[in-house]
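Now for the letters of each chain:
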Amino acid sequence: MSRIGRMPVNVPAGVEVTVDNGLATVKGPKGELTQAISKDMTVAIDNGVLTVTRPTDSKEHKSLHGLTTKLLSNMVIGVSAGFAKELQVVGVGYRVQKNGKTLVLNVGYSHPVEMDDPEGIETVVEGTNKIIVKGIDKAVVGQYAANIRKVRQPEPYKGKGIRYADEVIKLKEGKSGKK
């Protein structure tokens, strides 16, 4: 049995989960999320605990079992607590500003790069070199953080660029200059 699939998902108070015709809807204090799930998977909600079961042990059902459980778990966590990704801007003269719902990045180009926050995502700038991306949908938060990082990826010689807060950059040794 799938290790992730057999794990029960605890539904906190104030969060409402409904599954109807392959569409799961989770409502909570931070918002509402919907996700299409396989009609083969059976979702049971009992006393604030959500469990997913599969009909057979076929390869397709085994793979869908863990996926469905994790998707529902991420939705419950998202509407109750939310998700956040933290990025750092490293480099001399590199800085970031928030202008309304627009993120303005000055990262070594001849012009500032402006990025508008997508629907349901909030970016918070702390100081001039720290960005926090917040939202209720884990996939959207991760994708927007990746798009911000892609503007100026960390380079391997000095480590300048935009990186995740927990990312470790292995620095390469530069030219030695001696023959």
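So, here's what we can say about the structure. (Residues numbered from 1 in each chain as written. Predicted model: local features only at pLDDT ≥ 70, side-chain atom pairs only at ≥ 80, totals over all residues. Heavy atoms only, no water.)

Below, the discussion takes up the packing of aromatic side chains. Aromatic rings considered in pairs are described by the distance between their centres and by the relative angle of their planes. Within the structure shown, the criterion is met by zero aromatic pairs. Positioned above the aromatic ring of Tyr-164, the side-chain terminus of Lys-85 is 5.2 Å from the ring centre. The ring of Tyr-109 carries Arg-152 above its face, with NZ or CZ at 4.3 Å from the centroid. (Phe/Tyr/Trp six-rings, centres within 6.5 Å; stacked < 30°, edge-to-face > 60°. Lys NZ or Arg CZ within 6 Å of the ring centre and 35° of its normal.)

Right, let's talk about the pairing of strand 7 (residues 83-90) for a bit. With six bridges joining them, strand 7 and strand 12 (residues 130-135) adopt antiparallel strand pairing. Within strand 12, the residue paired with Leu-87 across the bridge is Ile-131. Looking at chain direction, strand 7 and strand 13 (residues 161-164) are connected through four bridges and run antiparallel. From the neighbouring strand, Val-89 faces strand 13, where its bridge partner is Ile-162. (Pairing = 2+ DSSP bridges. Helix = DSSP H or I, 4+ residues; strand = E, 2+ residues; numbered from the N terminus.)

Quick look at unusual backbone geometry now. Despite not being glycine, Asn-21 has its phi angle at roughly 50 degrees, a positive value. Along the chain, Asn-21 turns up in the loop between strand 2 (16-20) and strand 3 (23-28). You will see that Asn-47, though not glycine, has its phi angle at about 55 degrees, which is positive. Note that Asn-47 resides in the loop between strand 5 (42-46) and strand 6 (49-53). A residue is classified by how much of its surface remains accessible, and Asn-47, at 76% relative accessible area, is exposed. (Buried < 20%, exposed > 50% of the residue type's maximum accessible area, 1.4 Å probe, protein only.)

Turning our eyes to something else, we now look at helix 1 (residues 59-80). With 22 residues, helix 1 extends 33 Å from end C-alpha to end C-alpha; this agrees with the ideal 32 Å at 1.5 Å per step. One or two steps after helix 1, the chain reaches Gly-82, where phi turns positive at roughly 90 degrees. (Expected span 1.5 Å × (residues − 1).)

Within the structure shown, the criterion is met by five salt bridges. Note that Glu-126 and Lys-130 form a salt bridge whose closest N and O atoms lie 3.4 Å from each other. Glu-126 sits in the partly exposed class, given a relative accessible area of 37%. Judged by relative accessible area, Lys-130 falls into the partly exposed class, the value being 25%. A salt bridge links Glu-167 to Arg-149; its shortest N-O distance comes to 2.7 Å. Of this pair, Glu-167 sits in the segment after strand 13 while Arg-149 sits in helix 2 (residues 138-151), placing them 18 residues apart in sequence. Residue class for Glu-167 comes out partly exposed when judged on its relative accessible area of 21%. Several salt bridges share partner residues, and in doing so they unite Glu-86, Glu-126 and Lys-130 into one network. (Salt bridge = Lys/Arg side-chain N within 4 Å of Asp/Glu carboxyl O.)

Our next topic: the sheet that holds strand 11 (residues 121-126). Pairing between the strands of a sheet comes from backbone hydrogen bonds, and it takes one of two forms, parallel or antiparallel. One open sheet accounts for four strands, arranged 11-12-7-13; its pairing is antiparallel. Two strands close off the open sheet at either side, each with one partner strand: strand 11 and strand 13. On average, adjacent strands in this sheet sit at an angle of 25 degrees to one another, irrespective of strand direction. The strands touched by helix 2 within the sheet are strand 7, strand 11, strand 12 and strand 13, with strand 7 carrying the most contacts at an inclination of about 5 degrees. (Axes fitted to C-alpha atoms, helices over the stretch in contact; angles between N-to-C directions. Contact = heavy atoms within 4.5 Å.)

Strand order across the open sheet formed by three strands is 8-9-10, with antiparallel pairing between neighbours. The strands lining the two open edges of the sheet, one partner per strand, are strand 8 (95-99) and strand 10 (113-116). In this sheet, adjacent strand axes meet at a mean angle of 20 degrees when their direction is disregarded. In terms of strand pairing, strand 9 (residues 102-106) meets strand 10 through four bridges, oriented antiparallel. Looking across to strand 10, one finds that Leu-103 is bridged to Met-115. Sheet strands touched by helix 2: strand 9 and strand 10. Its angle to strand 10, the strand with the most contacts, is close to 175 degrees.

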